[in-house]
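One-letter residues, chain by chain:
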Amino acid sequence: MKKIVIKGGFPLHGKITIGGAKNSAVALIPASLLSDGVCTIKNVPNITDRDALFDIVKLLNGDIKQDGSVIRIDSSNLQNTLITQELSVRLRASYYFMGVLLSKYKHVEIYFPGGCNIGSRPIDIHLKGFKKLGAKVTKNKHKYIIKADELKGADITLNFASVGATINIMFAATKAEGTTYIRNAAKEVEIINIADFLNKMGAKIKGAGTDVIEIEGVKHLDGAEIDVIPDRIEAGTYILMGALLGDNLTIEGIIPEHNKALFDKLSLMGVKYELDKNSVTINACKHLLPVDVTTLVYPGFPTDLGQPMSVLLTQAEGTSKMEETIWENRVGHYPYLVKMGANIELNGLVVTINGKTPLHGMEINATDLRGGAALILAGLIADGTTIISDIDYILRGYENIINKLSNVGAIISLEEI
Ligand code: EPU
């Protein structure tokens, strides 16, 4: 079994280049199937979630050509087949094939999606949206059958600004007859990236990035080209590493505005960083101030950075609070931080962190993607050696993380143990 081995305490110096956003790429790849032609997606991150999506596209008879981070998907011979359980459970984003295939064929059969265990992760808001557009949803044990005689534009108000539901309903409405409004839509920047792609194919979508999205249905979508936006969560993870270990560490290929909530908290904590148009240079802060953090929908502090942020808080001098409000179970890494020496009181989703405490290397387990990234950060600042198991969670969303960190001075390796 492969494990990540880290010898902690080394400063990080040099440049880390950020890849394309996982949460955009995992929607852009299914989105390309809405076209009847050839789509090109650039800056696709090299993560295992990408490979799982490729396997689903191939099952549907899509033709994929890959040249590094550029992929070309030809959907002209697509076939609408059942997406098997084995494929759909490999990642959360398999649910995007629901909206896409419903839109294209008015019929989709797919097993429940998979993904990290960070809460119950229902998809009721997606399904309600599909029903509003005229679809019938049948659940058969672990399989969904979603069918429509015709899809008609509708006025849909989401009871929570769900990222996945906003994108999935946008997909389903793209070729529906008439106009759809999605109200209380999620405003995450990835949604703008996806709407841009669909509009380049010929869709008529307005308002992505605001809380009302208007979609005027069209009959046909052509091929198009899109760049995946930079991964603000990958960037944020390395920025947090820089706040603890940076020696002029530069994170490049970012859109600083997308990480504003994180930068605001770092400023409050006393972290010094220099922003450029597409990069930030950051130095370790010796005396970090405590701060309270509540995760929120965009543009609030992202839930996907809550766990890495909690490691920074263990090094602040005083008491900080970390409250998770989006997912019920994003706390799996805390017991390991406590074992490593952190002083943390867990009270449901409100966590009190008393710093500053030294952390000690030991054998620990990644429990989910971002929790795993948090443990890498803990290992990098701990004394001694940290060995992390269950690293598949981490490789699902961080491209070349071992190389990216080794190149800036971290002593980190992937080892068969
Ligand atoms: N929710 C429902 N019903 C639904 C959909 C969501 O109750 O039909 C609830 C969820 O259970 C959760 C909350 O609403 O409590 C937020 O869910 P949302 O739908 O916004 O999340 P998602 O689309 O499933 C995406 C990212 C997540 C990220 C969230 C929030 C992808 C593939 N995943 O998930 O990313 O945390 O948005 O920003 O885009 C990660 O990258 O580590 C990750 C988990």
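See above for the structure.
Conventions adopted
- Residues numbered from 1 in each chain as written.
- Predicted model: local features only at pLDDT ≥ 70, side-chain atom pairs only at ≥ 80, totals over all residues.
- Heavy atoms only, no water.
- Helix = DSSP H or I, 4+ residues; strand = E, 2+ residues; numbered from the N terminus.
- Buried < 20%, exposed > 50% of the residue type's maximum accessible area, 1.4 Å probe, protein only.
- Contact = heavy atoms within 4.5 Å.
- Axes fitted to C-alpha atoms, helices over the stretch in contact; angles between N-to-C directions.
- Parallel < 35°, antiparallel > 145°, perpendicular 65-115°, else oblique.
- Left-handed = near helix turned anticlockwise from the far one by under 90°.
- Nonpolar A, V, L, I, M, F, W, Y, C, P; charged D, E, K, R; others polar.
- Pairing = 2+ DSSP bridges.

Colleague: Looking at this structure, I do not really get the environment of G178. What am I missing?
Modeller: Relative to the assigned elements, G178 resides in the loop between α6 (163-174) and β10 (179-183). Given the relative accessible area of 37%, G178 is considered partly exposed. For the pair G178 and K152, spaced 26 residues apart in the sequence, the C-alpha separation amounts to 6.1 Å. Here G178 is in contact with G153, I215, E216 and G217, once residues within four sequence places are set aside.

Colleague: Before we go on, may I ask you to explain the packing of helix α4 (residues 96-105) against α6 in this structure?
Modeller: When two helices pack together, their arrangement is given by the angle between the helix axes and the distance between those axes. Running from N to C, α4 and α6 cross one another at 15°; their axes reach a closest spacing of 7 Å. By the angle class used here, α4 and α6 are roughly parallel. Seen from above, α4 lies across α6 with right-handed handedness. Note on element contacts: α6 touches α4 through V163, G164, I167, N168, F171 and A172, opposite Y96, M98, G99, V100, L102 and S103. Each residue belonging to the contact of α4 with α6 can be placed in one class, and the counts come to 8 nonpolar, 4 polar and no charged.

Colleague: How do you make sense of the sheet that holds strand β16 (residues 279-282) when you look at a structure like this?
Modeller: Neighbouring strands of a sheet are bound in pairs by backbone hydrogen bonds; such pairs are parallel or else antiparallel. Strand order in this open sheet of 4 strands is β2-β14-β16-β15, and the pairing throughout is mixed. Of all the strands in the sheet, the pair left with one neighbour each is β2 (12-17) and β15 (273-275). For this sheet the average axis-to-axis angle between neighbouring strands, irrespective of direction, equals 10°. Sheet topology note: the β2/strand β14 (residues 246-252) ladder contains 5 bridges and is parallel. Paired with G14 across the two strands is L249, which belongs to β14. Running over the sheet, helix α8 (residues 232-245) touches β2, β14 and β16 and is turned about 170° from β14. Across the sheet, helix α9 (residues 260-269) lies against β15 and β16, angled at about 145° from β15, the strand it touches most.

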